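Here's the letter readout for the chains.
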Amino acid sequence: MSTARSGDLAALWRAQVAKNGPRPFLTYLDFETGERVELSYSTMDNWTSKTANLIQDELLAEPGSRFLLAAPPHWMTAIWAIAPLLCSAVVSPWGDAARARYAVAGPEQDQLEFARACNGERYALSLLPLGRPFAEVPDGFEDYVAEVRVHGDRFGSFSPPNGDAPALTVDSGEALTHRAVLAEADGRYEDGARLLVPIDETSVDAAGLIDWLYAPIAAGGSVVLARGGSGADLDRLAETERAQRFKVDK
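Not measured: the values here are computed from a predicted model. (Residues numbered from 1 in each chain as written. Predicted model: local features only at pLDDT ≥ 70, side-chain atom pairs only at ≥ 80, totals over all residues. Heavy atoms only, no water.)

**Student:** Explain the nonpolar core residue by residue, including any values.
**Tutor:** One finds Trp212, Leu213 and Tyr214 to be the most contacted residues of the largest nonpolar core, which totals 67 residues. No other element matches the 10 residues that helix 3 (residues 75-86) contributes to this core. Apart from residues no more than four positions distant in its own chain, Tyr214 is found in contact with Leu9, Ala81, Leu85, Val91, Leu168, Val181, Ala185 and Leu209. Listed in part, the 11 residues of the second largest apolar core include Ala100, Ala105, Leu112 and Cys118. (Core = buried A, V, L, I, M, F, W, Y, C linked by side-chain atoms within 4.5 Å. Buried < 20%, exposed > 50% of the residue type's maximum accessible area, 1.4 Å probe, protein only. Helix = DSSP H or I, 4+ residues; strand = E, 2+ residues; numbered from the N terminus. Contact = heavy atoms within 4.5 Å.)

**Student:** So what about the pattern of salt bridges? Which residues, and what values?
**Tutor:** Tallied over the entire structure, the rule returns 14 salt bridges. With its nearest N and O atoms 2.6 Å apart, the salt bridge here joins Arg116 to Glu113. In this structure, Glu184 and Arg188 form a salt bridge, with 3.6 Å as the shortest nitrogen-oxygen distance. Taking relative accessible area as the criterion, Glu184 reaches 45% and is therefore assigned partly exposed. (Salt bridge = Lys/Arg side-chain N within 4 Å of Asp/Glu carboxyl O.)

**Student:** Residue-level account of the pairing of strand 5 (residues 102-105), with values.
**Tutor:** Of the two faces of strand 5, the one lined by Tyr102 and Val104 and the one lined by Ala103 and Ala105 are each fully buried. Pairing geometry for strand 3 (residues 66-70) and strand 5, over 4 bridges, is parallel. Each residue of the ladder has a partner; that of Phe67, found in strand 5, is Tyr102. With 3 bridges connecting them, strand 5 and strand 6 (residues 122-124) associate as parallel partners. (Pairing = 2+ DSSP bridges.)

Written out as C-alpha cells, the structure reads:
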C-alpha cells in the first residue's frame with residue numbers, strides 16, 4: 001500500500017522524501033537540445049522548500065490562495081505543482097486567471113499573456129538549461145529562478161493542509177480536496193514504478209498533473225519527462241532508463 005494514506009499531498013510528499021531521499025524522482029530530457037536534468041527526491045525537496053518559503057514569507061499567501069499555473073510539463077513546473085500545496089494554497093493549472101491570487105507562467109508569449117489576466121504577483125519560468133534565469137525578464141513578471149535562490153531550503157508551514165483542504169482546480173473551476181486528489185492518484189502505478197512520459201502525450205491540467213506527477217509521488221516512484229524524440233528514440237530511452245511507457249487512459 002502506498003503512503004498516500006497520509007491524508008494530504010504535503011504529508012505524502014514529506015513522507016516520500018524521508019523514505020526515498022537520494023533516489024531519482026524526476027529526470028527531464030530534451031532530445032533537441034541534449035539537456036538532461038536529474039532531480040532526486042531530496043534535491044526536488046530543496047527546490048519545493050525554497051519555493052514554499054518564497055510563497056509563505058515573501059508573498060504571504062493565505063490558505064486557499066489560488067496559484068495559476070500556465071506552463072508546459074517541465075521540472076520547474078513540477079516544483080510549482082507541489083510547493084503551493086505545502087502552504088495550504090491551491091494549484092490552478094490553466095484555470096481562471098482572474099480568480100487567481102498569484103500566477104506562474106512559462107516563457108512563451110501565449111503562456112505569459114494568459115497569466116497577465118491575474119492581477120496579483122506573477123512569476124515567469126525561464127525553462128532554460130541548468131535552471132538559468134532570463135536574459136531579459138518578461139514585462140510584468142518576476143524571474144522565478146533569480147528570486148527563489150535567496151530562500152532557505154528547509155520549510156515549516158504556518159498552516160499545514162489537511163485532507164479536506166482545497167488542492168487542485170479542475171476545468172469547471174471547482175477545487176478538488178487533497179483527499180480527492182489522493183483518491184485519484186493512489187494505486188495508479190505499482191510502488192516504485194519508473195515512468196517515461198513524453199511531454200507531447202501529456203498536459204498540465206488537473207488530470208495531467210495527477211497522471212504524471214501526483215500518482216508517481218503516491219507510488220514512491222520516479223518520472224522521466226522527455227521532450228521531442230521519435231518513437232524509436234523513446235523506445236531506446238525507456239530501455240536505457242528501465243522505465244515503463246506512460247499511457248493515458250482514454
